[in-house]
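Chain by chain, the residues run as shown.
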Amino acid sequence: MQFTASGRHNRTFEIKGATGDVLATLDYPTWHAPRRAIITYGGTAWETVIRGFFRKGMDIKSGDQVIGSMRFAGFGRMKIEFADGRQYTFKRVGFLNGYMALITDSSQEIVKIRQVNRWAFFRFTFNIETDDNYREANDPALLLLLIFCINYLRAIAYTS
């Protein structure tokens, strides 16, 4: 399937389906908070919360329940694990004309994300292509979690 994610001022993002209707939103509570966000989808909300003494990871919460976790895995990669056992790696594929990809623990590439307007200043647009053989790849909340990961990886690169 094809999705489009668009953001304004790197603070609010929306994901739209093929018909152009908004499926889910990603909001950062403050202007520059790359580790804390709220994803709203279909009446439910996911929240990213910093975890641990050294603040190396983040939990994904739905209400008071932890439904998953994320951590930086070095070299521009993120590891995403859900409580139901799903595990993914999110990383850049390719060099010059590369894209970001979500890869399952069995090395299947199920989501491709390309930024359309790379040189735009306050607007960000991403084209998202998903593998229809994996039902979880079409979950708008998971796709916005990947946009969160892109912003997080960029924030790490800018502050390093």
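Everything here concerns the structure above.
Residues numbered from 1 in each chain as written. Predicted model: local features only at pLDDT ≥ 70, side-chain atom pairs only at ≥ 80, totals over all residues. Heavy atoms only, no water.

K.L.:
Quick question: what am I supposed to make of the nonpolar core here?
P.N.:
If you look at soluble globular proteins, the nonpolar side chains tend to sit buried side by side. Judged by nonpolar contacts, the single largest core of 40 residues is most densely connected at Ile80, Phe90, Ile113 and Leu145. If one sorts the elements of this core by residue count, helix α1 (residues 140-159) sits on top with 12 residues. Discounting residues that sit within four places of it in the chain, Phe90 has contacts with Gly76, Arg77, Met78, Ile80, Met100, Ala101, Leu102, Ile113, Leu146, Cys149 and Ile150. (Core = buried A, V, L, I, M, F, W, Y, C linked by side-chain atoms within 4.5 Å. Buried < 20%, exposed > 50% of the residue type's maximum accessible area, 1.4 Å probe, protein only. Helix = DSSP H or I, 4+ residues; strand = E, 2+ residues; numbered from the N terminus. Contact = heavy atoms within 4.5 Å.)

K.L.:
Explain the packing of aromatic side chains to me, please; I cannot follow it from the model alone.
P.N.:
How two aromatic rings sit relative to each other is given by the distance of their centres and the angle of their planes. Tallying each qualifying case throughout the model produces four aromatic pairs. Arranged with centres 6.4 Å apart and planes meeting at 35°, the rings of Phe13 and Phe124 form a pair that is tilted. Pair noted here: Phe13 is in strand β2 (residues 12-16) and Phe124 is in strand β12 (residues 123-130), with a separation of 111 residues, a long-range link. We classify Phe124 as buried; its relative accessible area is 13%. Seen from their ring centres, Trp46 and Phe82 are 5.9 Å apart, and the 55° between their planes marks the pair as tilted. With a gap of 36 residues between them, Trp46 in strand β5 (residues 44-51) and Phe82 in strand β8 (residues 78-82) connect regions that are remote in the sequence. When its relative accessible area of 14% is taken as the criterion, Trp46 is described as buried. A connected cluster of aromatic rings, assembled from ring pairs, spans Trp46, Phe82 and Tyr88. Directly above the aromatic system of Phe82 lies the positively charged group of Arg86, at a separation of 4.3 Å from the ring centroid. (Phe/Tyr/Trp six-rings, centres within 6.5 Å; stacked < 30°, edge-to-face > 60°. Lys NZ or Arg CZ within 6 Å of the ring centre and 35° of its normal.)

K.L.:
Mind showing me how you'd approach unusual backbone geometry here?
P.N.:
Phi is mostly negative for residues that are not glycine, and the peptide bonds are mostly trans. Phi at Phe75 is positive, roughly 55°, even though this residue is not glycine. One can find Phe75 in the loop between β7 (65-72) and β8. We classify Phe75 as exposed; its relative accessible area is 83%. We note that Ser107 has phi near 65°; this positive angle belongs to a residue other than glycine. Mapped onto the elements of the fold, Ser107 is located in the loop between β10 (99-104) and β11 (109-115).

K.L.:
What's the story with the sheet that holds β12 in this structure? I'm lost.
P.N.:
Strand pairing in a sheet relies on backbone hydrogen bonds. The paired strands run either parallel or antiparallel. On the basis of which strands lie adjacent, the closed barrel formed by 12 strands has the order β1-β2-β3-β4-β5-β6-β7-β8-β9-β10-β11-β12 and antiparallel pairing. Shown here is a sheet whose adjacent strand axes are inclined to one another by a mean of 20°, direction ignored. Pairing analysis gives five bridges linking β7 to β8, with the strands arranged antiparallel. Across the sheet, the residue bridging to Arg71 is Lys79, located in β8. (Pairing = 2+ DSSP bridges. Axes fitted to C-alpha atoms, helices over the stretch in contact; angles between N-to-C directions.)

Coordinates in, geometry out; function isn't part of it.
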